[in-house]
Amino acid sequence: VLAGGGAAGVYYGCQTLKQLLRANAHGAAIPGCRIVDWPALAYRCWQNDISRGPIPTLAFLKRQVTTLSEFKLNALTLYTENVFKNPRHPKIAPADGLTTEEVRELCAHARKHHVEVLGNHQAFGHYEKTLRLPEYAHLRETDHVLTPAKEETYRFLTETLDVIAPAYESPLFVINCDETFGLGEGPSKDMVRELGLGGVYASHIQRLHKILQPHGKTPLMWGDIALHHRDIVPRLPKDLIVLSWGYG
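Heads up: these notes are all about the structure in this document. (Residues numbered from 1 in each chain as written. Predicted model: local features only at pLDDT ≥ 70, side-chain atom pairs only at ≥ 80, totals over all residues. Heavy atoms only, no water.)

## Quick word on the nonpolar core
Then, number 1: Membership of the largest hydrophobic core comes to 53 residues, with the highest contact counts inside it found for Tyr168 and Ile175.
Then, number 2: At the level of elements, helix H2 (58-70), strand E2 (75-79), helix H3 (100-112), helix H5 (151-167), strand E4 (172-176), helix H7 (197-212) and helix H8 (224-227) are the ones that each hand at least two residues to this core.
Then, number 3: Sequence-distant contacts of isoleucine 175, that is, excluding residues within four places in its chain, are made with His121, Gln122, Ala123, Ile205, Leu208, Leu212, Pro219, Leu220 and Met221.
Then, number 4: In this structure, Ala75, Leu172, Val174 and Leu220 belong to the second largest nonpolar core, which totals five residues. (Core = buried A, V, L, I, M, F, W, Y, C linked by side-chain atoms within 4.5 Å. Buried < 20%, exposed > 50% of the residue type's maximum accessible area, 1.4 Å probe, protein only. Helix = DSSP H or I, 4+ residues; strand = E, 2+ residues; numbered from the N terminus. Contact = heavy atoms within 4.5 Å.)

Structure representation (structure tokens):
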């Protein structure tokens, strides 16, 4: 007998049964047992870095979602730097980059397996693949950090997120914003002198929050920078979700 509090519960009961068949079957029999199980975490999420190596095909991502769901993980986010195709900025993504249509197909597939695909775009640091293109060199703070000192940066981010954010069904969207080393060493030097390093960082997060609002997205960011500038916490959006960042 498989019983659950909803479709997801029954689905996970099926996964447990499959595990019993694979690991504990003796001929046509499995051990008689009673298993009561439920998740301790509402979100059990896997982040797949698709920007620093071969870009997975849609078929591979679908297979990954199915495999993750068998281990009762229920969320996936694709760490994305420059690999999402954007018609307004066609030179950024490689030829085998991810498209809106592919992401929507992946989300539909994941839904059948009770997996939520969270949107994801690195929106501050780790931007070197875009900034090394001559067309975007003027947006550099450093060779890998977007400058918060130019309004053009936010026009560019708006045009980028207006394409990426609606492709994902999830109300959660990972903006990353980790490891912004070198912030304040470029065009934002005067801003940092006036507002402090943490103040400039908080201002950028507020701008990203505003860009995502029309899409109904709640931002998630890594907490490594805020951890070292705790005075900015009251200035961060109240619905922002901070992800624990650890190198260990």
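Structure's up, so let's keep going.
## Things to note about a nonpolar patch on the surface
Then, number 1: Together, Leu2, Val10, Leu17, Leu21 and Ile30 give the surface a local cluster of nonpolar side chains, amounting to about 370 Å² of exposed area.
Then, number 2: Looking at the element boundaries, leucine 17 is found in helix H1 (residues 7-24).
Then, number 3: Residue classification places leucine 17 among the partly exposed positions, given a relative accessible area of 34%. (Patch = residues over 30% accessible without salt bridge, like charges linked within 9 Å, V, L, I, M, F, W, Y side chains within 5 Å. Areas by Shrake-Rupley, 256 points an atom, 1.4 Å probe, with all protein chains shown as cover. Salt bridge = Lys/Arg side-chain N within 4 Å of Asp/Glu carboxyl O.)

## What about empty space enclosed by the protein?
Then, number 1: In the structure shown here, the tally under the stated rule is one cavity of 30 Å³ or more.
Then, number 2: Considered as a void within the structure, the largest cavity measures approximately 100 Å³ in volume.
Then, number 3: Forming the walls of the largest cavity are 13 residues, and the residues nearest its centre are Glu81, Phe84, Ile92, His121 and Thr160.
Then, number 4: Considering each element in turn, the lining of the largest cavity owes the most residues, three residues, to H5. (1 Å grid on protein atoms, 1.4 Å probe; cavity = no way out; pocket = protein on both sides within 12 Å on 5 of 7 lines; lining within 4 Å. Points joined across faces, edges and corners; volume = space filled by probe spheres on them.)

## Observations concerning the pairing of strand E1 (residues 45-49)
Then, number 1: Two strands pair when backbone bridges link them, and E1 and E2 are joined in this way by five bridges, in the parallel orientation. Residue asparagine 48 lies in a different strand from E2, and its bridge partner there is leucine 78.
Then, number 2: Taking the sense of rotation as the criterion, the β-α-β connection linking E1, H2 and E2 turns out right-handed. (Pairing = 2+ DSSP bridges. Right-handed = clockwise from strand over helix to strand, strands pointing away.)

## Describing the sheet that holds strand E6 (residues 241-243)
Then, number 1: If you trace the six strands from one edge of the open sheet to the other, you get E1-E2-E3-E4-E5-E6, paired in parallel fashion. In the strand order of this sheet, the two ends are held by E1 and E6, each with one partner. Neighbour to neighbour, the strand axes of the sheet diverge by 30° on average, direction disregarded. (Axes fitted to C-alpha atoms, helices over the stretch in contact; angles between N-to-C directions.)

## Quick word on the state of the cysteines
Then, number 1: Applying the stated criterion across every chain yields a total of zero disulfides.
Then, number 2: Cysteine cysteine 14 remains unbridged, with the sulfur of cysteine 33 as its closest cysteine sulfur at 14 Å.
Then, number 3: Cysteine 14 gets classed as partly exposed once you look at its relative accessible area, which sits at 31%. (Disulfide = S-S within 2.5 Å.)

## Here's the deal with the pattern of salt bridges
Then, number 1: A complete count under the given rule lists eleven salt bridges for this structure.
Then, number 2: A salt bridge links glutamate 81 to arginine 52, with the shortest nitrogen-to-oxygen separation between them at 3.5 Å. Of the two residues, glutamate 81 sits in the loop between E2 and H3 while arginine 52 sits in the loop between E1 and H2, which places them 29 residues apart along the sequence.
Then, number 3: Among the salt bridges present, the one from lysine 62 reaches glutamate 105, with a minimum N-O distance of 2.6 Å. Taken as a pair, lysine 62 in helix H2 and glutamate 105 in helix H3 lie far apart in primary sequence, 43 residues in all.
Then, number 4: Relative accessible area serves as the criterion here: at 39%, glutamate 105 is assigned to the partly exposed category.
Then, number 5: One salt-bridge network, held together by shared partners, links Asp49, Arg52, Glu81 and Lys129.

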